[in-house]
Amino acid sequence: MTVEPEAAAPASEAPPPYVPAEARMRELTPRAIALGMVFGVIFGAATVYLALKAGLTVSASIPIAVLAISLFKRLGSSTILENNIVQTIGSAGESIAAGVVFTLPGFLFLSRSPVTGASVGEPYFSYWTILALAMIGGLLGVLMMIPLRRSLIVKEHARLPYPEGTACASVLIAGERGGDLARTAYQGLGVAFLYAMLQKVIRLVAETPALVIRATNRYLPAAVMSGDITPEYLGVGYIIGPQIAGVLVAGGVLAWLGFIPLLTVVAPPDAIAAQLVKLGYLPSLATAGGPGGWNPATHAFADSAAAVYRAYVRQIGAGAVAAGGFITLLRTLPTIASSFKESLAALRRRDRAGAARTERDLPITFVLVGSAVLIVVMALLPFVPGPGIASKLLLGLLIVIFGFFFVTVASRIVGLIGSSSNPISGMTIATLMATCLVFVGLRWTGDLYQPMALCVGAIVCIAAANAGATSQDLKTGFLVGATPRAQQIGLIIGVITATVVVGLTIRILDRPPQHLIGSDLYPAPQATLMATLIRGLLAFNLDWQFVMVGVALAATVELCGVGSLSFAVGAYLPLSTTSPVFVGGLVRALADRAARRRGEAVGGPDAELGPGNLFATGLVAGGAVAGVAVALLTVTDSGARAVERLSVEGALTRALGRGGYQILGLAVFAAMAALLWRIARSPKSA
């Protein structure tokens, strides 16, 4: 029997907000705005570095909420709504930085000019272009989420848990209530922070234990079973529950235990290497390295699974994510339409001042006029790619169409699995494919149009990334009883602050004209892929057959009654990401079964404040705080060397062997999962 996660039985009806709608307390205050802006600068800069270095980001909302509670307690009293505004403004830095770094460095990797030898996009990789595109994308992400708030955050509360938003609300409420509630959440934070330090700094715990089967194996050649055994993934899995976690890992199982072994057998190593060259992961067949460790002398890969994943499976996964997103959008169009009707009806009544405080959004006129102004401004700016105003207005039209689609999709994805696993690169790939098809139809296939295509993809990527973070923030606000309008104003302030610091950080790290971005120091893997796709699409040499396999996969899964978007995301992401999330879901299933055997109700309006959810919230918070702390510690070469000297990985590997070292890590992770299960079974604190 199959179960569709997006339509799973609701865990509970929407709980009443922690702060009643009729209550009046401090919220959008100058000190909350100022502290949020400071956190936005810090987390935005840290995310730029981490994303350029490793193609990874860390969630910021929960760490900022924890820091805000602690700082305000030292500075004096604060309200829960002030703390919520701080994390709302500060978290914009992380999402904006991710969207920018994953796309805009691609300007450096487009086709080379025959005259100068430099990329045709290099003139656009300036501070002002980065600032303009980031601000337009970030603001569009906020504006497009305003009319969607009621449909996705409120009406689908039971179907879309928004794990990080729910966890952040639990942290804020626990900090407000104090006592056992706060103690449980902070116990989880402490355990996760200690675990993460042992894993990321001391290296006592292996980061990604893996069982890698040889490429010559007869049964599962090059199959890989692995897991990023981090506390934040365990916590996210517990929060989203076993159904969604199960469908996610199912997509990963198909990719890593099905597609990869099959493609390893049917595709010769030289063909895989040629595909990596085509995608820009490998300079040439004569060059060693790249994903999987290509050896031109032996014509073999050190890691066939990694090579096949980059060469083929990611394209299949991107096609599946695009198709799953389109199917999901079609399914939710009635809900979205009703939300727009409610917004327009409120505009006609002009009585929003009389509405409940917790239902006051910025007006729909602000959304429509604001979006139009952003597009006109983009068309008029001279440092935005495009030969004229008319062509830039066409870009604006494409941005609005694709932006609304992927903002909706991104919000639903993060509602299911959290912002940390939001596949914005897959959505950007789909945007670039559609944009380049339009360009081909208009015969815009010269090198001049490559920066224009990247411009569309970048703004949509930034909008989708920020929409995911905005959705989590609005969910937090919905649960704690915030005023939506105050949060939306805070989000706009956060976007403006973040774009200023993100562009500056990129320019500092890049050090033009040397351009360290793209080197081994800052490889920027996602941006390299985006630029390669644009070159391939406009030169008519993209492998559409792999994309269409993904489309067919999403359609097949949907026909089987399983939510295609969750499955597609699982197929796109590494199995190492979804497997620990699945473990968290299993712990939740075992805890719920134990509760039912004791005759206790599972779910209910206060389910988010149960001991298991609170401890899981702490795991997510502690892992995210530790990730940012390590990123800041290693931002300089001297700091990285100091951290490296603390590692005991070499000594443990010599003593236990590589396998023994990984088993030790799994044992520590299992102990943390067992602790989560034990706490989840304990009676709920009052």
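Computed from a predicted model, the values in this text were never measured in an experiment.

Novice: Teacher, can you tell me more about the overall build of the chain here?
Specialist: When you go through the chain residue by residue, the secondary structure sums to 24 helices and 4 strands. Taken over 686 residues, the chain has a buried fraction of 59%. In the chain, once contacts between residues fewer than 6 apart in sequence are set aside, the share between residues at least 24 apart is 82%. Carbon and sulfur atoms form 66% of the exposed surface of the chain, whose accessible area is close to 25700 Å².

Novice: What should I look at first to understand the pattern of salt bridges in this one?
Specialist: Where charged atoms from two side chains of opposite charge approach closely, those side chains can pair. Considering all chains together, one arrives at 9 salt bridges under this definition. Between Glu359 and Arg149 there is a salt bridge whose closest N-O contact spans 3.2 Å. Highlighted residues: Glu359 in the loop between α12 (304-349) and α13 (364-380) and Arg149 in helix α6 (residues 149-154), separated in sequence by 210 residues. Of the charged contacts, one joins Arg149 and Asp361 as a salt bridge, the two residues approaching to 2.6 Å between their closest N and O atoms. With Arg149 in helix α6 and Asp361 in the loop between α12 and α13, this residue pair connects regions lying 212 residues apart in the sequence. Take Arg149: its relative accessible area is 3%, and that puts it in the buried class. Residue classification places Asp361 among the buried residues on the basis of a relative accessible area of 6%.

Novice: Mind showing me how you'd approach the nonpolar core here?
Specialist: If you look at soluble globular proteins, the nonpolar side chains tend to sit buried side by side. Of all hydrophobic cores here, the largest spans 147 residues; its most connected members are Val100, Phe406, Phe439 and Ile506. For this core, the element with the most residues is helix α16 (residues 450-480), which contributes 18 residues. With residues near it in sequence (within four places) discarded, Val100 still touches Pro105, Ile130, Ala134, Ile462, Val502 and Ile506. The next biggest cluster of nonpolar side chains, apart from the first, holds 33 residues, and it includes Trp256, Phe301, Tyr309 and Ile316.

Novice: Explanation requested: the packing of helix α19 (residues 544-559) against helix α20 (residues 564-572) in the structure shown.
Specialist: Pairs of packed helices are described in terms of their axes, by the angle between the two and the distance that separates them. Two numbers describe how α19 lies on α20: the axes approach to 9 Å, and their chain directions differ by 140 degrees. Compared by their axis directions, α19 and α20 come out oblique. Two packed elements cross with a definite hand, and for α19 against α20 that hand is right-handed. For the pair α19 and α20, contact is made by Leu553, Ala554, Val557 and Glu558 and by Ser564, Phe567 and Ala571, respectively. Taken together, the residues of the contact of α19 with α20 break down into 5 nonpolar, 1 polar and 1 charged.

Novice: When you look at the confidence of the model for the chain in this model, what are you seeing that I'm missing?
Specialist: Close inspection of predicted coordinates is inappropriate in any region flagged by low pLDDT. When pLDDT is averaged across the chain, the result is 82; 86% of the residues are at 70 or more. In this model, residues 1-12 is a region of pLDDT below 50 whose contacts with residues beyond four sequence positions or in other chains number 33 contacts.

Novice: Looking at this structure, I do not really get unusual backbone geometry. What am I missing?
Specialist: Excluding glycine, residues mostly have negative phi values, and the peptide bonds linking residues are mostly trans. In the Ramachandran plot, Tyr162 falls in the positive-phi region, its phi being about 45 degrees despite a non-glycine side chain. Along the chain, Tyr162 turns up in the loop between α6 and α7 (163-177). Given the relative accessible area of 0%, Tyr162 is considered buried. Unlike most non-glycine residues, Ala222 shows phi in positive territory, near 65 degrees. Relative to the elements of secondary structure, Ala222 occurs in the loop between β1 (210-212) and β2 (224-226). According to the relative accessible area criterion, Ala222 is buried, its value standing at 2%.

Cut-offs used in this document
- Residues numbered from 1 in each chain as written.
- Predicted model: local features only at pLDDT ≥ 70, side-chain atom pairs only at ≥ 80, totals over all residues.
- Heavy atoms only, no water.
- Helix = DSSP H or I, 4+ residues; strand = E, 2+ residues; numbered from the N terminus.
- Buried < 20%, exposed > 50% of the residue type's maximum accessible area, 1.4 Å probe, protein only.
- Contact = heavy atoms within 4.5 Å.
- Areas by Shrake-Rupley, 256 points an atom, 1.4 Å probe, with all protein chains shown as cover.
- Salt bridge = Lys/Arg side-chain N within 4 Å of Asp/Glu carboxyl O.
- Core = buried A, V, L, I, M, F, W, Y, C linked by side-chain atoms within 4.5 Å.
- Axes fitted to C-alpha atoms, helices over the stretch in contact; angles between N-to-C directions.
- Parallel < 35°, antiparallel > 145°, perpendicular 65-115°, else oblique.
- Left-handed = near helix turned anticlockwise from the far one by under 90°.
- Nonpolar A, V, L, I, M, F, W, Y, C, P; charged D, E, K, R; others polar.
- pLDDT = per-residue confidence, 0-100.

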